Amino acid sequence: MNNIIDHYGTLTLLKLYIQPGANKDEVIGVYGETPRLKLKIKSRPIDGKANKRVVSFLSTLLNLKRSDIQILRSETSRKKDFILNADYEAIESILNKIL
């Protein structure tokens, strides 16, 4: 899956590139030399609103509870790593259908 997801113990690591301030929330595709899943998010990066919107969007996209999605690295950067309390193969299957 182009290294945008990885095993993180019993959890799944998801590497993202976030573009805040978009017209709508959407998956763009795999982005960058070090591959990341690019998402456009409506919210602006003010007071953590974009991060909250990413969690909400991922929750819907991956059929997970919000509490199963945590930021691991880079709360203030566009490049973010998220930890998902979810099965790697299940997330990989969903992402393969989207991409």
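This is a predicted model, so every value here is computed, not measured.

Let's talk about the confidence of the model for the protein chain
In low-pLDDT segments, the atomic positions of the prediction should not be examined closely. On average, the protein chain scores 95 in pLDDT, and the residues at 70 or more come to 99%. Per-element averaging of pLDDT across the protein chain places strand β1 (residues 5-8) at the bottom with 94 and strand β4 (residues 36-41) at the top with 98.

Comments concerning the packing of aromatic side chains
Following the criterion strictly, the structure yields one aromatic pair and no others. Between Tyr17 and Tyr31, the aromatic rings sit 4.4 Å apart at their centres with planes inclined by 35°, giving tilted as the arrangement. One end of the pair, Tyr17, is in strand β2 (residues 11-20); the other, Tyr31, is in strand β3 (residues 26-31), and 14 residues separate them in sequence. Tyr31 gets classed as partly exposed once you look at its relative accessible area, which sits at 35%.

Topic: the layout of surface pockets
Left-over empty space is what a probe sized like a water molecule reveals as it rolls over the atoms. By volume, the largest pocket is sized at about 190 Å³. Counting residues per element, the ones that place at least two in the lining of the largest pocket are β2 and α1 (49-62). Here the lining of the largest pocket takes three residues from α1, the largest share from any one element. Along the lines of polarity and charge, the residues of the lining of the largest pocket split into five nonpolar, four polar and four charged.

What counts and how
Residues numbered from 1 in each chain as written. Predicted model: local features only at pLDDT ≥ 70, side-chain atom pairs only at ≥ 80, totals over all residues. Heavy atoms only, no water. pLDDT = per-residue confidence, 0-100. Helix = DSSP H or I, 4+ residues; strand = E, 2+ residues; numbered from the N terminus. Phe/Tyr/Trp six-rings, centres within 6.5 Å; stacked < 30°, edge-to-face > 60°. Buried < 20%, exposed > 50% of the residue type's maximum accessible area, 1.4 Å probe, protein only. 1 Å grid on protein atoms, 1.4 Å probe; cavity = no way out; pocket = protein on both sides within 12 Å on 5 of 7 lines; lining within 4 Å. Points joined across faces, edges and corners; volume = space filled by probe spheres on them. Nonpolar A, V, L, I, M, F, W, Y, C, P; charged D, E, K, R; others polar.

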